[in-house]
Amino acid sequence: MPNPPLILYLAAPRGFCAGVDRAIKIVEMAIEKWGAPVYVRHEIVHNKFVVDGLRDKGAIFVEELSECPDDRPVIFSAHGVPKSVPEAAQARKMVFVDATCPLVSKVHIEAQRHADAGLQMIMIGHAGHPETVGTMGQLPEGDVLLVETVEDVAHVQVRDPGRLAFVTQTTLSVDDTADIVLALNARFPSIVGPHKEDICYATTNRQEAVKAMAPKCDAMLVVGAPNSSNSRRLVEVGARAGCRYSQLVQRAADIDWRSLEGITSVGITAGASAPEVLINEVIDAFGARFDMSIEMVETAIENVEFKVPRVLRETA
């Protein structure tokens, strides 16, 4: 029996963004400079394959700074950390490197600037996500109010409706966030927003590619981790854009082939912390089961690059 025909639509851009690429390089260069072990507070990026690979090279992943010894370097994850974390590291005279994505750091700076101007902050984000915790932790506890949905906007209690500003998590759904921003502007007409949208270029570009690809596909798979916010948003965007089966898989072994019986087209994309090797693994799995042709769906070209911190570029 010949394999059934299949058109595989491949989203571009997909996979690693500049912030993730930089964060992984920081861990690798730190191990090279200071030797193993190097401690990393929280997963450097949300991808098990990446984290396991760095662990094999000599990284030790912990959740809190208290788990790190004073005499070994520690790296803060790409998602960012509350201001209290580097302060505690400095107090202990630790060597530390901040791998926070520069686009997340930009949001931290915005929040501080608005607070310095006397504005109360509202953050659009997901409760408990490391990036949200890190951004809210730039200001004293209770100074940043979190809203996750349009419904939350109706119930948020503010000090002064005329002195407000908002920031957003960088990995949210562009469309959902736009609805929340509309609700904030309707309830608080003088609220101050970012000069430029906080949702990062990589999140926006990957969602746009999915919107272009989803209507063509019988099914769509997003390669990414369950705790990756931007990957989960891609699944939601695909379903909303018209793909009847939109699923998250960590790698090829997770594909539910029974749910894909009878398909003639599939879309493949990947969250910003998923490496290309896992995307290729998924493509190869389809190639083994189908007479496959690949079509690229390209909606943007990315050439963003972020430098690693100077301490890692200097010789020891």
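Predicted, not measured: the structure shown is a model, and the values here were computed from it.

Caption draft 1: The arrangement of the sheet that holds strand 5 (residues 96-98) in detail. Spatially, the four strands line up as an open sheet ordered 3-2-4-5, and their pairing is parallel. At either end of the open sheet lies a strand with only one pairing partner, and these are strand 3 (59-62) and strand 5. Across the sheet, the axes of successive neighbouring strands diverge by a mean angle of 25°, strand direction being ignored. Two strands pair when backbone bridges link them, and strand 2 (residues 38-41) and strand 3 are joined in this way by four bridges, in the parallel orientation. For Val 38, the partnering residue across the bridge sits in strand 3 and is Ala 59. In this fold helix 1 (residues 18-34) packs onto strand 2, strand 3, strand 4 (74-76) and strand 5, with an angle of close to 160° to the strand it touches most, strand 5.

Caption draft 2: Examining the sheet that holds strand 7 (residues 144-147) more closely. Spatially, 7-6-8 is the arrangement adopted by the three strands of the open sheet, whose pairing is parallel. Looking at the sheet topology across the chains shown, the edges are occupied by strand 7 and strand 8 (164-168). Shown here is a sheet whose adjacent strand axes are inclined to one another by a mean of 30°, direction ignored. Where helix 4 (residues 102-116) meets the sheet, its contacts fall on strand 6 (120-124) and strand 8, and the angle it forms with strand 8 comes to roughly 170°. Where helix 7 (residues 174-187) meets the sheet, its contacts fall on strand 6, strand 7 and strand 8, and the angle it forms with strand 6 comes to roughly 150°.

Caption draft 3: Region of interest: the pattern of salt bridges. Tallied over the entire structure, the rule returns 15 salt bridges. In this structure, Asp 176 engages Arg 240 in a salt bridge whose closest nitrogen and oxygen atoms are separated by 2.7 Å. One end of the pair, Asp 176, is in helix 7; the other, Arg 240, is in helix 9 (residues 229-240), with 64 residues separating them in the sequence. Overall, the relative accessible area of 28% leaves Asp 176 in the partly exposed class. You can call Arg 240 exposed: its relative accessible area is 53%.

Reading the values: rules and limits
Residues numbered from 1 in each chain as written. Predicted model: local features only at pLDDT ≥ 70, side-chain atom pairs only at ≥ 80, totals over all residues. Heavy atoms only, no water. Pairing = 2+ DSSP bridges. Helix = DSSP H or I, 4+ residues; strand = E, 2+ residues; numbered from the N terminus. Axes fitted to C-alpha atoms, helices over the stretch in contact; angles between N-to-C directions. Contact = heavy atoms within 4.5 Å. Salt bridge = Lys/Arg side-chain N within 4 Å of Asp/Glu carboxyl O. Buried < 20%, exposed > 50% of the residue type's maximum accessible area, 1.4 Å probe, protein only.

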